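Residue-level structural notes
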Amino acid sequence: METILKSAKKTVVISPDNPTRIIGERINPTGKKRLAASLLEGSLEIVEKEALEQIEAGADILDVNVGAASVDEVDMLPKAVKLVMETVDVPICIDSADPNALRAALEMHREMAPEGKPLINSVNGEEERLELILPLVAEYKAAVIGLAMDDDGIPDTAEKRFAVAKKIVDRAGALGIPPEDIVIDCLALTVGADSKAGLITLGAIDMVRSELGVNMTLGASNVSFGLPEREVINWAFLAMAIQLGLNAPIVDAAKVREAILAADLLLGRDDYSMRYIKAYKKRIKK
Ligand code: THG
């Protein structure tokens with residue numbers, strides 16, 4: 001199962017046989033007051049800086065999200081997508097809850113890279129979202145992240161999250177969108193609130209990999225929200241999730257790349273430890 005994403009110049013293949021691909025999460029004003037304020041003024045300087053830094057840190061794909069209070073996403077999202085595509089050459093993950101902003105950004109992406117293929121973040125199992133987003137995915141021949149939640153919220157069992165994932169894959173299929181263009185997100189919730197939260201997510205990942213075979217993303221760092229030394233928890237969780245089938249986490253590359261390289265190495269996806277050693281050498285040179 002190969003999810004193929006393309007910028008104007010670069011193709012990234014997400015597949016269980018490939019190393020884990022990192023979707024860089026930092027172009028997102030959530031929790032970043034400075035970025036939120038600058039977006040409100042129409043400035044994209046921080047977006048450009050974050051794009052460059054994340055590529056330096058080893059991101060393979062960049063998530064672009066400009067959603068903050070009072071920001072006009074229909075105006076700003078295509079501008080941010082354009083700037084990121086001019087600044088770096090990796091594929092783009094277009095992140096918005098607003099279908100009009102998604103459409104505007106998809107138009108811009110098509111203009112900048114007519115042969116390109118972005119990832120849309122996201123659809124979920126809610127009837128309304130399926131009806132709004134899946135036609136866009138088909139029209140623009142994009143790939144899409146499918147969140148394992150629906151009109152009843154985020155299910156509290158692995159089986160129910162799997163069922164939502166299957167529903168999304170089936171509904172996409174009915175519109176001619178193949179399963180390789182669906183990247184499922186089994187959703188990470190903090191273990192600080194529910195000690196079984198990690199286990200439920202891992203169980204869903206396992207089921208999605210074995211029964212649907214599709215590729216998977218995860219906003220993995222959510223798992224440690226509210227706890228001290230979050231990185232330690234995130235590293236352990238990523239290793240487990242990657243073993244079970246997560247292969248395109250949405251994370252801060254600067255904080256988790258070493259752990260991901262170690263997981264890939266231990267899972268036999270890094271011949272002669274080349275990627276691990278190369279990253280180490282680059283780090284000690286600084
Ligand atoms: N699944 C999918 N997409 C997602 C998420 C997911 N997109 C958004 C989010 N979750 C992943 N992206 C972020 C972006 C920012 C933060 C966390 C996840 C974040 N920001 C810091 C804060 O709030 O404290 C500020 C970080 C900083 O400035 O260093 O935490 O789950 N499909």
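Residues numbered from 1 in each chain as written. Predicted model: local features only at pLDDT ≥ 70, side-chain atom pairs only at ≥ 80, totals over all residues. Heavy atoms only, no water.

Comments concerning the overall build of the chain
In plain terms, the rule: In DSSP terms, a helix is any run of H or I states spanning at least four residues, a strand is any run of E spanning at least two, and both are numbered starting from the N terminus. Between buried and exposed lies partly exposed: a residue is buried under 20% and exposed over 50% of the maximum accessible area for its type, with that area taken using a 1.4 Å probe on protein chains only. Note on definitions: a residue-residue contact is assigned when non-hydrogen atoms from the two residues lie within 4.5 Å. Residue burial considers only the protein chains on display, and all accessible areas are found by Shrake-Rupley using a 1.4 Å probe.
Along its length, the chain carries ten helices and ten strands. Dimensions of the chain, computed from the C-alpha atoms along their principal axes, are close to 50 × 40 × 35 Å. Of all 286 residues assigned to the chain, the portion counted as buried reaches 52%. Looking at the chain alone, contacts between residues at least 24 apart form 69% of all its contacts between residues at least 6 apart. As displayed, the chain has an accessible area near 13100 Å², and 53% of this comes from carbon and sulfur atoms.

A closer look at empty space enclosed by the protein
Empty space among the atoms can be located by rolling a probe the size of a water molecule over them. As a reminder, the rule being used: In this analysis the probe radius is 1.4 Å and the grid spacing 1 Å, with only protein atoms considered; a cavity is a set of points the probe fits into but cannot get out of, a pocket is an open set with protein on both sides within 12 Å along at least five of seven lines, and lining residues have an atom within 4 Å of a point. Grid points are joined across faces, edges and corners, and a volume is the space filled by probe spheres set on the points. All residues other than Ala, Val, Leu, Ile, Met, Phe, Trp, Tyr, Cys, Pro, Asp, Glu, Lys and Arg, Gly among them, are scored as polar; the first ten of these are nonpolar and the last four charged.
In total, this model carries one cavity of 30 Å³ or more according to the counting rule given. In this model, the largest cavity occupies a volume close to 40 Å³. Residue lining of the largest cavity: Thr20, Ile22, Gly58, Asp60, Arg257, Ile260, Leu261, Asp264 and Arg275, and that is the complete set. For the lining of the largest cavity, the element with the highest residue contribution is helix 9 (residues 253-266), accounting for four residues. Across the lining of the largest cavity, the residue classes tally to three nonpolar, two polar and four charged.

Remarks on helix 1 (residues 33-40)
Along helix 1, the residues that are buried comprise Leu35, Ala36, Ser38 and Leu39. In this fold, the buried residues of helix 1 make contact with strand 3 (23-27), helix 2 (45-56) and helix 3 (73-87). Where helix 1 ends, the next residue or the one after it, Gly42, has phi of about 85°, a positive value.

Description of the layout of surface pockets
Taken as a whole, the largest pocket spans an internal volume of roughly 1200 Å³. Residue lining of the largest pocket: 37 residues in total, with Glu25, Asn28, Thr30, Gly219 and Asn222 positioned closest to the centre. Secondary-structure elements contributing two or more residues to the lining of the largest pocket are strand 3, strand 6 (119-124), strand 7 (143-147), helix 8 (230-244) and helix 9. Element by element, the count of residues in the lining of the largest pocket is highest for strand 6, at four residues. When its volume is computed, the second largest pocket comes out at roughly 580 Å³. In terms of lining residues, the second largest pocket is bounded by 23 residues, among which Glu56, Ala57, Gly58, Arg257 and Lys282 are the most central.

So, the side chain of Asp60
The topology assignment puts Asp60 in the loop between helix 2 and strand 4 (61-64). Sequence-distant contacts of Asp60, defined by excluding residues within four places in its chain, comprise Val12, Thr20, Arg21, Ile22, Val90 and Pro91.

Re the site of the ligand
Quick note on the threshold: For this purpose, a residue is taken to be near a molecule or strand whenever a single non-hydrogen atom of the residue falls within 4 Å of it. Between N or O atoms, a polar contact is any pair within 3.5 Å; within protein, one atom must be a potential hydrogen donor and the other a potential acceptor, and residues adjacent in sequence are included only when both atoms are from side chains. Cavity and pocket membership follows a simple rule, namely that a molecule belongs there if more than half of its atoms are within 2 Å of the grid points.
In the region of the ligand, 14 residues are neighbours, and Glu25, Arg26, Thr30, Asn121 and Asp185 sit closest. Asn121 places a side-chain nitrogen or oxygen 2.9 Å from a nitrogen atom of the ligand. In the model, a nitrogen atom of the ligand is placed 2.7 Å from a nitrogen or oxygen of the Asp185 side chain. When the ligand sits alone it has 660 Å² of accessible area, and the protein chains cover 68% of it. Most atoms of the ligand, that is more than half of them, are within 2 Å of grid points of the largest pocket. Elements with a contribution of two residues or more to the shell around the ligand: strand 3 and strand 7. Of the residues in the shell around the ligand, the class split is three nonpolar, six polar and five charged.

Some words on the pattern of salt bridges
In plain terms, the rule: Here a salt bridge means any side-chain nitrogen of Lys or Arg lying within 4 Å of a carboxyl oxygen belonging to Asp or Glu.
Using the criterion set out here, one finds 17 salt bridges in the structure. Taking the shortest distance from any N to any O, the salt bridge between Lys160 and Asp156 comes out at 3.2 Å. Asp156 gets classed as exposed once you look at its relative accessible area, which sits at 52%. Here Asp170 and Lys166 are joined by a salt bridge, their closest N and O atoms 2.9 Å apart.

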